[in-house]
Amino acid sequence: MKKIFWWLLKAFVSGVLAFAILTSFCILYYNVPVHSSTVDGVTDYSWEKNKFYSRGTEGFALGKTNNEGYINSYDYQEGMDIDVLIMGSSHMEAYNVAMKKNTASQLNLLLGDNLVYNIGISGHNFLTCTSNFEAALKKYAPKKYVVIETSSLSFSDTDLKKAIEGTTEELSSHSEGIVGLLQKNQLLRLLYLQFSNWKGASAQNAPNTDSKTQSENNYEELYLSLLNNLSQTAKDNDVQLIVLYQSNVHIDAETGAAVTTNRESIQIFATYCERSGIEFVDMSERFSKEYNQNHILPHGFANTSVGQAHLNEHGHRMIADELFKIIGGKE
C-alpha cells in the first residue's frame, strides 16, 4: 500500500513539474492575451490592454497590445486625428508577424503624416465589421478612409438580412467563469488550439463556398441594400469606405501558376461596390502576380503548410502597397 502511495505521489509531483515547465515554455512560444467584450461596440471584443504577447505556432512575433487591446505601435488618445481606420479579421490583427511588418504599420510609413489606426481582431468577418461600422466611425471619426478587410465575399440570405437589420450575432469573448480562468494558462490554451485544429482539419479540403447559391433569388437585392447602407453611413461621416478582398492563392497542379478560382463572385461583388459608391480592392491579381514572377506567397510561414494560414509579412506588404495606390494617389 505504501509503495502505491509513493508511486502516486511521484506521478503527481512529476505531472505538476511537467505542467509548470511546459507552461513556462509557452511564455515565449504561445502567450496570447484573453479576449474581453467591448462596451463601445467598435468591435465585439478586444484583447487585454497593454499586454505582452508572443506566438510561435504560426510565424513568430513578439509585441504588446495598446491601451485599447488592439495591435498598434501607439496608444489611442481620445480626439486624436485618425486619417485611415482599418477594420477586419485576424489577418489585419496580424499578431503572427512583427508589428512593424503588418499592413497598418507599413501603410503608416508610406503615407507619412497620415495616421493609420488598426482595430482588426480575430473572428470579425465582413458582416461582423458591418455591424460595428457605425460605432467605429462615431468613436474614431476617421478623416479620410475606412478599410474593411475580408477573405470572403458571399454570405447566406439569412446572414445578409441580419446584417441589414442590425441583428448579427455578437461574438462571445468567453472570458467569464471557468473558461475565462482556464484561458489564463497558456499551455491549456495551446492544447485547446491543437484540439481545434485537429477537429477542423477536414474543413481545409471542403469545397469553396465563396459563391452565392443559385436559389437565393434576392441575393443581389440584399447585398446592394447592405452596401448602400454602409456607403450612406460613410458619406454621413464624410469618409470613403474601401472594402479590401484577400484570399488564399491557389497553385494550379498542372502549370504551377497561381490562379484565382472565384473570379465570378469577385466580379459580382466589384459591381455591387461600384453601384454603391464603395472603393473595392481585389488582391487576387497582385497575389498571383507576386507568386508567378517572384515565387512569393502572401499566406503561410516556415512553420505552417505552404501558402496556408494567415497573411505573412509579404502579404501585408502587398496590401499596404495596393492601399497606398488608392489613398496616397488622392492626397
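A brief look at the structure comes next. Just so you know, these numbers come straight off a predicted model, no measurement behind them.

Now for the overall build of the chain. A tally of helices and strands in the chain yields 11 helices and 12 strands. Counting across all 331 residues of the chain, residues that qualify as buried make up 48%. In the chain, the share of contacts with a sequence separation of at least 24, taken over all contacts with a separation of at least 6, comes to 74%. Accessible surface computed for the chain: about 17200 Å², of which carbon and sulfur atoms make up 55%.

Bringing the environment of N248 into the picture now. Residue position: N248 is located in the loop between β9 (240-245) and β10 (250-251). When its relative accessible area of 29% is taken as the criterion, N248 is described as partly exposed. For the pair N248 and L311, spaced 63 residues apart in the sequence, the C-alpha separation amounts to 8.9 Å. Setting aside residues no more than four positions away along its own chain, N248 makes contact with H299, G307, Q308 and A309. For N248, the side chain forms a polar contact with the side chain of H299, separated by 3.3 Å.

Right, let's talk about the packing of helix α4 (residues 126-140) against helix α8 (residues 219-236) for a bit. Running from N to C, α4 and α8 point in directions that differ by 25°, and their axes come no closer than 10 Å. On the basis of their axis angle, the class for α4 and α8 is roughly parallel. Between α4 and α8 the crossing geometry is left-handed. For the pair α4 and α8, contact is made by F126, L127, T130, F133, E134 and L137 and by Y223, L226, L227, L230, T233 and A234, respectively. Of the residues that constitute the contact of α4 with α8, the class distribution is nine nonpolar, two polar and one charged.

Quick look at the sheet that holds strand β8 (residues 145-150) now. Taking strand neighbours across the sheet as the criterion, the five strands line up as β7-β6-β8-β9-β12 in an open arrangement whose pairing is parallel. Two strands bound the open sheet, and with one partner strand each, they are β7 (116-118) and β12 (279-282). On average, each strand axis in the sheet is tilted by 20° relative to the strand beside it, whichever way the strands run.

Rules of the game
- Residues numbered from 1 in each chain as written.
- Predicted model: local features only at pLDDT ≥ 70, side-chain atom pairs only at ≥ 80, totals over all residues.
- Heavy atoms only, no water.
- Helix = DSSP H or I, 4+ residues; strand = E, 2+ residues; numbered from the N terminus.
- Buried < 20%, exposed > 50% of the residue type's maximum accessible area, 1.4 Å probe, protein only.
- Contact = heavy atoms within 4.5 Å.
- Areas by Shrake-Rupley, 256 points an atom, 1.4 Å probe, with all protein chains shown as cover.
- Polar contact = N/O pair within 3.5 Å; in protein donor to acceptor, adjacent residues only side chain to side chain.
- Axes fitted to C-alpha atoms, helices over the stretch in contact; angles between N-to-C directions.
- Parallel < 35°, antiparallel > 145°, perpendicular 65-115°, else oblique.
- Left-handed = near helix turned anticlockwise from the far one by under 90°.
- Nonpolar A, V, L, I, M, F, W, Y, C, P; charged D, E, K, R; others polar.
- Pairing = 2+ DSSP bridges.

Function cannot be read off these values alone, since they describe shape.
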